[in-house]
Amino acid sequence: MIVMKFGGTSVNDAVAMRRVADIVKTRLEQQPVVVVSAVGGLTNNLVTLSKEAKNSNDARVKEIITALVNRHQTIINDLGLAESRTLKARLSEVVAVLESACTDLGRADSMQKDLVDVILSTGEFLSANIMAEYMDSIGMNGAWADARDILVTDSAYGSARPMMKESTEQAKMILLPMVAANKIPVIQGFIGRDGAGKITTLGRGGSDYSASLFGAMLDVDSVEIWSDVSGVLTADPSLVPDAKRILLMSFQEAAELAYFGAKVLHPATMLPAVEKGIPIFVLNSIHPEQGGTQIALSSDIDPDKGCVVKSIAYKEGLTVITVHSTRMLMAHGFMLSIFQIFEKYKTPVDLVATSEVSVSITIDNTEHLEEIKNELCAFATVGIVHNKAIVCLVGQYLKRTTGMPAKIFGLLGDVRIHLISQGASEINISFVIDESELERVIKRLHEHFFAQSANPEIFTENN
Ligand code: ADP
Ligand code: ASP
Ligand code: MG
């Protein structure tokens with residue numbers, strides 16, 4: 001069995017959905033289980049819808065729901081499914097669900113995250129149903145399998161965590177008989193349900209994570225992530241158009257890259273796969289012939305192909321908080337008191353650097369910045385600067401290679417570096433710069449590490 005996940009651009013319209021069916025056809029012998037995202041950009045529209053609903057902006061709410069219906073109706077018609085009773089019922093169901101959730105949200109005191117998840121879940125609900133119906137209509141035995149009956153999660157709406165034991169039981173009970181009956185299950189990515197029966201989502205970009213969760217639950221041979229790029233590249237192609245494709249990388253390398261902003265994979269995707277040793281392939285649904293990137297256990301990678309720098313990632317929109325206090329000098333428990341505050345406000349920290357009397361911390365979620373600042377101010381002087389970015393170089397053998405920091409920072413002699421982190425992971429070197437320097441820095445590093453001497457056994461042109 002294999003899991004094949006298709007992202008938003010891969011199911012963007014009827015043409016893209018036909019392409020998906022063609023790709024799935026090439027894998028029939030491997031017994032595919034298909035996971036889909038919402039059609040491209042739709043989840044963003046649903047986020048906007050939630051905000052408009054909260055503000056009781058009824059005209060905008062109506063407009064967004066109408067646009068959603070029209071877009072899906074066009075896809076349904078273009079796929080020749082206009083007469084499908086199932087899809088008519090699904091569309092009506094979505095309209096009713098959205099209208100009711102939007103009304104409730106308008107009446108709520110706050111942006112209730114459980115209602116937002118109900119709204120967000122409708123995107124994948126529709127794309128999975130349409131894809132399944134289409135694959136059925138062309139004789140491929142596609143059948144919708146409802147992720148809400150399979151993926152059991154906690155109740156952290158908007159960033160739910162899976163409960164593996166319960167979910168695995170459900171996955172085996174629901175999906176294995178379907179596959180045994182030669183059906184192709186089509187499941188919503190990104191969506192689950194908590195113990196109380198309410199809909200949850202895994203966080204933005206979470207369909208990749210769903211795919212590897214289903215893969216681990218079913219012990220599949222591989223997980224394929226089909227996107228609009230031909231694999232994991234040496235840098236974000238929107239900043240570096242001539243970025244190269246990485247042929248093979250380790251789970252750890254991919255996880256670091258994803259954590260530090262490479263959007264092509266959700267950061268949690270590698271976890272379930274690495275536990276079961278299931279390889280992940282990142283592939284291009286528009287150009288399937290281009291091959292892709294294989295992500296495997298580091299023990300499966302020939303050390304000679306470990307190469308020093310494999311890719312450069314970045315994360316924008318960061319805030320650096322500097323906590324300064326002479327009481328910190330030689331005092332134990334000081335760090336704990338700082339991090340307890342971040343923990344209390346559920347604000348993840350990306351990078352940390354300390355000196356004798358100060359600690360610098362980067363965060364990207366500033367929802368509770370004021371509260372955090374006030375609590376820190378009780379025992380320290382606090383400085384806050386915005387518009388920073390982390391740049392992260394990743395490579396399995398980065399730390400074992402002498403002289404790397406000198407090489408990297410030598411290249412950036414004229415750039416102001418705010419924070420450096422080299423110690424925490426064997427395989428990355430990260431540092432913080434002004435956001436305005438980002439493009440220049442990434443291009444310069446990329447030019448140095450990949451332009452001339454990229455090893456053809458590890459990297460290939462991205463076309
Ligand atoms: P999908 O909708 O298929 O999940 P995403 O938009 O989430 O696709 O992720 C694919 C995008 O990730 C690419 O179009 C590319 O712009 C971006 N990206 C950022 N960094 C990288 C990288 N290192 N390699 C490949 N793509 C990257
Ligand atoms: N549709 C969701 C999002 O846009 C999940 C995904 O595409 O992975 O975040
Ligand atoms: Mg994605």
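Above: the structure in question.
Trainee: Is there a simple way to think about the nonpolar core in this case?
Mentor: One recurring pattern in soluble globular proteins is that nonpolar side chains are buried together. The biggest cluster of nonpolar side chains holds 134 residues, and the ones touching the most others in it are Phe 6, Leu 265, Val 391, Leu 393, Ile 408, Phe 431 and Leu 445. With 12 residues, helix H5 (residues 113-137) is the largest single contributor of residues to this core. Residues in contact with Phe 6, not counting those within four places in the same chain, are Val 11, Val 20, Ile 23, Val 24, Val 34, Val 35, Val 36, Ser 37 and Trp 226. Judged by nonpolar contacts, the second largest core, of 16 residues, contains Phe 342, Tyr 345, Leu 376 and Val 382.

Trainee: Looking at this structure, how should I read the sheet that holds strand S15 (residues 358-363)?
Mentor: Backbone hydrogen bonds hold the strands of a sheet together, and the pairing may be parallel or antiparallel. Taken in spatial order, the 6 strands make up an open sheet running S14-S15-S13-S16-S18-S17, and their pairing is antiparallel. The sheet is open, and its two borders are formed by strand S14 (349-354) and strand S17 (419-421), each paired with just one other strand. Each adjacent strand pair in this sheet contributes to an overall mean axis angle of 30°, direction not counted. When S17 meets strand S18 (residues 428-434), the two strands line up antiparallel, connected through 3 bridges. Pairing of Ser 421 across the sheet is with Ser 430, part of S18. Together, strand S13 (311-324), S14, strand S16 (381-394) and S18 form the strand contacts of helix H9 (residues 251-259), whose direction differs from that of S13 by roughly 60°. The strands touched by helix H12 (residues 369-377) within the sheet are S13, S15 and S16, with S16 carrying the most contacts at an inclination of about 120°.

Trainee: What is the right way to look at the site of ligand 1 in this model?
Mentor: As a structural note, the neighbourhood of ligand 1 is formed by 16 residues, with Lys 5, Ser 227, Asp 228, Leu 233 and Lys 263 the closest of them. Leu 233 is positioned such that a nitrogen or oxygen atom in its backbone is 2.9 Å from a nitrogen atom of ligand 1. Here ligand 1 has 570 Å² of accessible area as a free molecule, and 85% of this is covered by the chains. Along the lines of polarity and charge, the residues of the shell around ligand 1 split into 8 nonpolar, 4 polar and 4 charged.

Conventions used here
- Residues numbered from 1 in each chain as written.
- Chains lettered and ligands numbered in written order.
- Predicted model: local features only at pLDDT ≥ 70, side-chain atom pairs only at ≥ 80, totals over all residues.
- Heavy atoms only, no water.
- Core = buried A, V, L, I, M, F, W, Y, C linked by side-chain atoms within 4.5 Å.
- Buried < 20%, exposed > 50% of the residue type's maximum accessible area, 1.4 Å probe, protein only.
- Helix = DSSP H or I, 4+ residues; strand = E, 2+ residues; numbered from the N terminus.
- Contact = heavy atoms within 4.5 Å.
- Pairing = 2+ DSSP bridges.
- Axes fitted to C-alpha atoms, helices over the stretch in contact; angles between N-to-C directions.
- Near = heavy atom within 4 Å.
- Polar contact = N/O pair within 3.5 Å; in protein donor to acceptor, adjacent residues only side chain to side chain.
- Areas by Shrake-Rupley, 256 points an atom, 1.4 Å probe, with all protein chains shown as cover.
- Nonpolar A, V, L, I, M, F, W, Y, C, P; charged D, E, K, R; others polar.

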